[in-house]
Amino acid sequence: MSVSLLLLVVAVIGVAGYLAGSWRANALAGGKLSSLHSRPGYYGSFVAVWSMLPAVLVLLVWIVASPVYIGSTVRAGFPDEVKAEPQATQNLNYNMIGAIARGFKLLSAEERDAVSAAGASARTVLAGKGVPLAADPAPYMLTAADDLGRMTAASRTFLSALVVLVALAGAFLSYRAIAPKFRARNRVEGMMLIGLIGASSIAILTTVGIVASMLTEAVHFFNMVPAWEFFFGTVWDPRFAAAGATASAGQFGLIPLLAGTLYIGFVAMLVAVPVGLFAAIYMSEYASRHLRSVAKPLLEVLAGIPTIVYGFFALITVGPFLRDISAELNGLLTGNYTSIMLIPYVSSLSDDIITAVPRALRDGSLGLGATRSETIRRVILPAALPGIVGALLMTASRAIGETTIVVLAAGVAARMQINPFEPMTTVTVKIVNQLTGDLEFTSPQTLVAFALGITLFVITLCLNIYALYIVRKYREQYE
Amino acid sequence: MTNIVSPVAVAVSPAAAPRRDIGIKRRYAAERRFRAYGIAAITFGVVFLILLLSTVIRNGYTAFQQTAITIPVEISEKLIDPDNKRATDPSVLIAANYPAVVRDAIVKQLGIDPSKRTEVREAAAMISKGAPIQLRNLVVANPALIGTTVNVTFLADANIDSANKGQIDLNVPEANRKVSDTQIGWMNQLKSSGAIEKQFNTGLFTSGNSSRPEAAGLGVALVGSLYLMLIVLALSLPIGVAASIYLEEFAPKNKLTVLIEVNINTLAAVPSIVYGLLGLSVFINFAGFPRSASLVGGLVLTLMTLPTIIIATRAALRAVPPSIRSAALGLGASKMQMVFHHVLPLAMPGILTGTIIGLAHALGETAPLLLIGMVAFVADIPGTPLEPSTALPVQIYMWANEAERAFVERTSGAIIVLLLFLILMNLGAILLRRRFERRW
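Not measured: the values here are computed from a predicted model.

Notes on the overall build of chain A
When you go through chain A residue by residue, the secondary structure sums to 17 helices and two strands. Within chain A, the fraction of its 479 residues that count as buried is 40%. Partitioning the intrachain contacts of chain A with sequence separation of at least 6 by distance along the chain shows that 75% fall at a separation of at least 24.

Details of the domain arrangement of chain B
Domain annotation for chain B reports domain 1 (7–60), domain 2 (65–211) and domain 3 (219–436). Measuring from the centre of the C-alpha atoms in domain 1 of chain B to the corresponding centre in domain 2 of chain B gives 64 Å.

Side note on the nonpolar core
Core analysis: the biggest nonpolar cluster contains 171 residues, and Ala279 of chain A together with Leu392 and Ile396 of chain B have the highest contact counts within it. Those residues within four positions of Ala279 of chain A in sequence are excluded, and the remaining contacts are Leu299, Ile343 and Ser347 of chain A together with Gly38, Ala41, Ile42 and Gly45 of chain B. Formed by 31 residues, the second largest nonpolar core is a distinct cluster that contains Ile127, Ala131, Leu135 and Leu155 of chain B.

Regarding the packing of helix H14 (residues 372–401) of chain A against helix H17 (residues 444–474) of chain A
Residue and element names in this part refer to chain A. The N-to-C vectors of H14 and H17 enclose an angle of 165 degrees; their axes lie 8 Å apart at closest approach. Classified by the interaxial angle, the pair formed by H14 and H17 is roughly antiparallel. For the pair H14 and H17, the crossing hand works out as left-handed. For the pair H14 and H17, contact is made by Pro386, Gly387, Val389, Gly390, Leu393, Met394, Ala396, Ser397, Ile400 and Gly401 and by Leu456, Ile459, Thr460, Leu463, Asn464, Tyr466, Ala467, Ile470, Val471 and Tyr474, respectively. Of the residues assigned to the contact of H14 with H17, the class counts are 14 nonpolar, six polar and no charged.

Considerations on the interface of chain A and chain B
Between chain A and chain B, the contact holds 68 residues from the first and 66 residues from the second. For the side of chain A that touches chain B, the secondary structure elements donating two or more residues are helix H8 (184–224), helix H10 (254–286), helix H11 (289–304), helix H12 (307–355), H14, helix H15 (404–409), helix H16 (427–435) and H17 of chain A. Of all the elements, H8 of chain A adds the most residues to the side of chain A that touches chain B, at 19 residues. Classifying every residue of the side of chain A that touches chain B gives 43 nonpolar, 21 polar and four charged.

A short note on the confidence of the model for chain A
The share of residues in chain A with pLDDT of 70 or more is 84%, and the mean pLDDT across the chain is 81. The model gives residues 242–247 of chain A a pLDDT under 50, and that stretch makes five contacts with residues more than four places away or in other chains.

Some points on unusual backbone geometry
Residues and elements named next belong to chain B. Even without being a glycine, Ser292 presents a positive backbone phi close to 70 degrees. Looking at the element boundaries, Ser292 is found in the loop between helix H13 (272–286) and helix H14 (294–319). Judged by the 21 C-beta atoms lying within 10 Å of it, Ser292 is buried.

Points about H14 of chain A
Compared with the 44 Å implied by 1.5 Å per residue over 30 residues, the 37 Å span of H14 of chain A between its first and last C-alpha is markedly short. At Leu385 of chain A, H14 of chain A shows its largest bend, some 60 degrees, and a proline, Pro386 of chain A, comes one to four positions later.

Remarks on the environment of Thr403 of chain A
One can find Thr403 of chain A in the loop between H14 and H15. Under the C-beta neighbour-count criterion, Thr403 of chain A is labelled buried, with 28 such atoms within 10 Å. When the C-alpha atoms of Thr403 of chain A and Gly311 of chain A are compared, they prove to be 9.6 Å apart, with 92 residues separating the residues in sequence. Ignoring any residue separated from it by four or fewer positions in sequence, one finds Thr403 of chain A in contact with Thr428 and Val432 of chain A together with Pro271, Ser272, Ile273 and Ala367 of chain B.

Conventions used here
- Positions within a chain are numbered from 1, following the residues in the order the chain's sequence is written.
- Both sets of labels track the order of writing: A upward for chains, 1 upward for ligands.
- Per-residue local features of the predicted model are confined to residues with pLDDT of at least 70, and side-chain atom pairs are confined, for both listing and counting, to 80 or more; whole-chain, interface and lining totals are unaffected and use all residues.
- Strands here are runs of E lasting at least two residues and helices are runs of H or I lasting at least four, both read from the DSSP assignment and numbered beginning at the N terminus.
- With C-beta atoms placed from the backbone, a residue is labelled by how many other C-beta atoms lie within 10 Å of its own: buried for 20 or more, exposed for 12 or fewer, partly exposed between the two.
- We call two residues in contact when their backbone-placed C-beta atoms lie within 7 Å.
- Each domain's extent is set by a domain assignment, obtained either automatically or from a database.
- Under the definition applied here, buried Ala, Val, Leu, Ile, Met, Phe, Trp, Tyr and Cys residues are grouped into a nonpolar core through C-beta atoms within 7 Å.
- Each axis is a line fitted through C-alpha atoms, and for a helix only the stretch in contact is used; angles between axes span 0 to 180 degrees, taken between their N-to-C directions.
- Each angle receives one of four descriptions, namely roughly parallel if under 35 degrees, roughly antiparallel if over 145, roughly perpendicular if within 65 to 115, and oblique otherwise.
- In a left-handed crossing the near helix is turned counterclockwise from the far helix by less than a right angle, and in a right-handed crossing that turn is clockwise.
- Gly counts as polar in this scheme, as do all residues outside two lists: the nonpolar Ala, Val, Leu, Ile, Met, Phe, Trp, Tyr, Cys and Pro, and the charged Asp, Glu, Lys and Arg.
- For every residue, the predictor assigns a confidence score, pLDDT, that lies between 0 and 100.
- To estimate the expected span of a helix, count its residues, drop one, and scale the result by 1.5 Å.
- Throughout, bend refers to the angle between the axes fitted to the seven residues that end at a position and the seven residues that start at it.

Listed below in structure tokens is the structure:
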């Protein structure tokens, strides 16, 4: 049985369990529902959960574990000279065996025997069935493929039987447990609570996953390239990874990329912050209700436009008009396009913060004869400053992490220079560059992306945590 | 700031204006400047928005039409099956010389002398290079066509398509443009005879990617994006809602829950490309999921949208007044019943609004998909989420990197499609909010 069919069977057993459970609860109550501890539906749910949950767990564990076990058994049967080959070659061979095994399933018995008789024709026979092979399989591969196919089939059959059995057993046992005094609702709610806790721990798991995955790959990288050469190197020249060869010596200096990132981020902030801040101030302090109801959504539309659109816009508007200048102004222009994306972000964050400043401060200042702009500059902005600084830090982390616009619009040349009119590139561009195309997780050329990624992650994380800290610390000052 | 006028001076000249000079003029000027800055900032944003949209629409609206050439094609037996073997060996039909058939048809239609080879080549270049394949599929599907003459509608070559839409500046010297004067002449000749016409570009929505702009379509990207959205919806909505219910209604206030909360807030601000790295190393490298599959993309985007959905859901749950909770508990409901029977239904509009906005964000996201290999040249529409696929924004990214002029039109067209979807989703969110929003 295929996995989806198996899941379907389990689901059917679960539904049947639900119906049977609630029917039995009803029967036990004998028309007097108040004699039951819980409503009949809870008894049904109890049976349904116990028939489906263990079965699905068994299924998942089996799906993860069985290929590993089968793989190691099949590999153990390889001839010794194959075992002596490097790990990468063995993996390739194993993949090929997998393909052959898939192909064999499509063959009839006679065709299969014909292949065994003359191993060389296996490739053509399988190609005819739509299973292309890279090369003619060695004889040991055919037997290994047979083993693999046989074991996979056996595992499937056993799994199907096991899962159905577990589901039925769960249904039976939980059905037997039903009694009027049985606290079905509490049991079901307990299981629901566990589910809720599990869901909220996914957030933690994601963070752990991010950190762990990037750290392990980055550690591989730092084993090949010393950490200080990465963090303090001033030359970015990764070269190419030649297939099979040991890593050609490239230079992985983070500094030029960081300089480009910070420069583009700085330019972006230089435009986005005043524009966004003034827009927010005008909308919260001056604008009529009518203007606000038109302008605010319009600015929010800017925030909703995917960044790829900004990138494309940068390409086609800068391209034809300013091609000559754009080579010079590359960093500036890219920064500017990024800034447009940030404007609505700045303005909506600061709008909230400015509106949160208490009315009394405003009225007091105006009542003392200050003009509106004086009130804003001398009273409201100082009062809102911590919040605004927090907002700006969050904006900065966005500017640094922005990928799509810079990938399309910024240059790829990583040079460190004082002159801002030279093309420059960013950390995110390099992550994308190093990881698109064919990759092997063994060369420093690809692994460096994870080192870059964790640098980026740490920088943005620090900015955000600091921003949250500032906002929290000063938030209630005026309340 | 203020010039305090001494009382003596007032006493000396009571006739002079009693007003003190407190710089009113200067202060009002500053006030006006300040206001002008605000207006300028808003105008800047709005003007840019208009510029952006108008550029995309101006470049892209023509992508929804495509030039097609309808000509009678003589499917001669001499060219396709000279030895008359098709009854015994059907592969003859696949390997036959269809380009020659197409070439002869256009040459005949234009009345060119077949011996002039440059002219013949130029004429053949007016029809898409995909035409022979189209013809082959036609003949293989219906071998009875051999020996007859049928009217076939071919796509025009991308350059002719651009010329027909008036996108090629004819004042540029002939050597510097992709379309020659003779081709323009032929095009006008075909136009006046009605053989060339603009049709609605269905191929844009149904075909897969192609290196020929006229045949490239968004079919794969649309299906891929659909899979992505379904996976994100199916995973992130239940998980997000469950997580927020726990954090908002059940969680004790201890270090662990504070950690989870801070964690979710910071996850919302992690650059999207980091999620791409996570997907690459965990789902593809560690778990061994297929590269370029929409399943992996969906999982990555799910992790990315979860914080957004959790934050929106918690706000919606918090907006349900405590009186509802107290009433439910007072009537004997358990805490779980209170949440699922009363609080959650009342918070549902807010949750759905947040979910739609999160989905819209995920729909436009490019960077993580670049890393998990969804930047692939995929010509066949994927049947399952495990097959290689692309997504709308990634398709835009790929086309934006193409050098040919005609791809600019396609890219803009694709952006229009993407923006339309986003507008639809956001409209849905707004309507939902308007329809169900409750002030307590």
